[in-house]
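Close look at the chain arrangement
Next come the chains, spelled out residue by residue.
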Amino acid sequence: MRVLALLLSFALSTASARETKVIKDISYKDDVVSLTPYEQERCKLDVTVPVGAKGFATYVWFYGGGLKNGSKDLRTEYCAEIRESLAQGGVAVVTPDYRLSPKVRYPAYVDDAAAAFAWTVKHIAELGGDPHKVFIGGHSAGATLALLVGSDPDRLKPHGLTLGSVAGVAQVSAQVLTHFTIREERGQPRYAITCDEAAPAFHIKKSLPPILTIYAQNDMLSRAEENQFFVSTLKAAGHAETYSLRVDDRDHGTVGHNIRHLDDPARLAILNFIAKQSAGR
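Remember, it's a predicted structure, so these values are computed and weren't measured experimentally. (Residues numbered from 1 in each chain as written. Predicted model: local features only at pLDDT ≥ 70, side-chain atom pairs only at ≥ 80, totals over all residues. Heavy atoms only, no water.)

**Structural notes on the confidence of the model for the chain**
Chain-level pLDDT for the chain is 93 on average; 94% of the residues reach the 70-or-more range. Contacts from residues 1-15, a stretch scored under 50 in pLDDT, to residues over four places away or in other chains number 37 contacts. (pLDDT = per-residue confidence, 0-100. Contact = heavy atoms within 4.5 Å.)

**Points about unusual backbone geometry**
The omega torsion of the bond from serine 101 to proline 102 falls at 10°, within 30 degrees of zero and hence cis. If you trace the backbone, proline 102 turns up in the loop between strand E4 (92-96) and helix H4 (108-123). With omega at 10°, the peptide bond leading from tyrosine 106 into proline 107 counts as cis. Looking at the secondary structure, you find proline 107 in the loop between E4 and H4. (Helix = DSSP H or I, 4+ residues; strand = E, 2+ residues; numbered from the N terminus.)

**A closer look at the sheet that holds strand E2 (residues 44-50)**
Backbone hydrogen bonds are what pair the strands of a sheet, in a parallel or an antiparallel way. Strand order in this open sheet of eight strands is E1-E2-E4-E3-E5-E6-E7-E8, and the pairing throughout is mixed. Unpaired on one side and paired on the other, strand E1 (20-27) and strand E8 (242-251) mark the two borders of the sheet. Put simply, the sheet's adjacent strands are angled 20° from each other on average, direction ignored. Packing against the sheet, helix H5 (residues 141-151) makes contact with strand E3 (56-62), strand E5 (129-139), strand E6 (168-172) and strand E7 (211-218), and its axis sits at approximately 135° to E5. (Pairing = 2+ DSSP bridges. Axes fitted to C-alpha atoms, helices over the stretch in contact; angles between N-to-C directions.)

**Concerning the side chain of aspartate 219**
As for its placement among the helices and strands, aspartate 219 is situated in the loop between E7 and helix H8 (223-236). Although buried, aspartate 219 forms no salt bridge, and the nearest oppositely charged side chain, arginine 223, lies 5.6 Å from it. There is a polar contact of 2.6 Å between the side chain of aspartate 219 and the side chain of serine 173. Polar contacts involving the side chain of aspartate 219 include one to the side chain of histidine 252, which spans 2.6 Å. For aspartate 219, the contacting residues outside a window of four places in its chain are Ser173, Ala224, Arg250, Asp251 and His252. (Buried < 20%, exposed > 50% of the residue type's maximum accessible area, 1.4 Å probe, protein only. Lys, Arg positive; Asp, Glu negative; His and termini not counted. Salt bridge = Lys/Arg side-chain N within 4 Å of Asp/Glu carboxyl O. Polar contact = N/O pair within 3.5 Å; in protein donor to acceptor, adjacent residues only side chain to side chain.)

**Some details on the pattern of salt bridges**
Here the idea is simple: oppositely charged side chains can pair when their charged atoms come close. Per the stated rule, a full pass over the model turns up 21 salt bridges. Residues lysine 72 and aspartate 73 are paired through a salt bridge, measuring 3.4 Å at the closest nitrogen-oxygen approach. By relative accessible area, which is 48% here, aspartate 73 ends up partly exposed.

**Observations regarding the packing of aromatic side chains**
Scanning all chains against the criterion turns up six aromatic pairs. For the pair tyrosine 63 and tyrosine 98, a centre-to-centre distance of 5.0 Å together with 20° between the ring planes defines the contact as stacked. Of this pair, tyrosine 63 sits in the loop between E3 and helix H3 (79-87) while tyrosine 98 is found in the loop between E4 and H4, placing the two residues 35 residues apart along the sequence. Taking NZ or CZ as reference, arginine 190 lies 3.9 Å from the ring centre of phenylalanine 180, over its face. A cation sits over an aromatic face here: arginine 260 above tyrosine 78, 3.7 Å from the ring centre. (Phe/Tyr/Trp six-rings, centres within 6.5 Å; stacked < 30°, edge-to-face > 60°. Lys NZ or Arg CZ within 6 Å of the ring centre and 35° of its normal.)

Here's what the structure looks like:
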């Protein structure tokens, strides 16, 4: 595998504390009046920005939870700590909520993820960021959402955006085949292997944005293999900007949650990836 060099600068993990600012509970769907009550409740995001910085890159981060659980405000998702950790590296972080199954079915939560990304591209300049440097990622089911937004042009088309609007995807332990929950919504067995338009792997092609894939040495059963397959298939398709990292001594939860620690290798890889790709935009 082609492995992303982790230490762009040792200063990323040792820099003095940077002042940050959090703007909470912004609705990311413009026509609030037409939204369902559930959309009004869930379709909000928080933005953490490095104070005083200009032209910074932004990372839209989706938490996991199997498309059934999760909240940007839940302690168990560590969203507040993750966004603060990454902002210490000079990157703004957007943490959206999205609608969950079974209250909604596919593709509602993917549409929410696309809307949150589009809001960021259209509004981050108001907070000092560069709209050409908006990245997307997440952990587990959140990583699956990020990959779908960053690989299927039909997700962004309703917002007047293209895959060229995605500076890069930095995902952690995504399910790259059709997600368990989507299979269950369709009445399929959980482990009935499916790869259709709801699967990131279905959309692999040479022209996708740069992609960093991170997974754990002790990831959940078949998840590390799915991510290895995804990376290998990207390369087979001729996708040049494909990077990967297996993090040792991590399981499926800790490979994402430990990004909150300043010396975590996944955190450093994400910041390195964002810095490298931002330099060319």
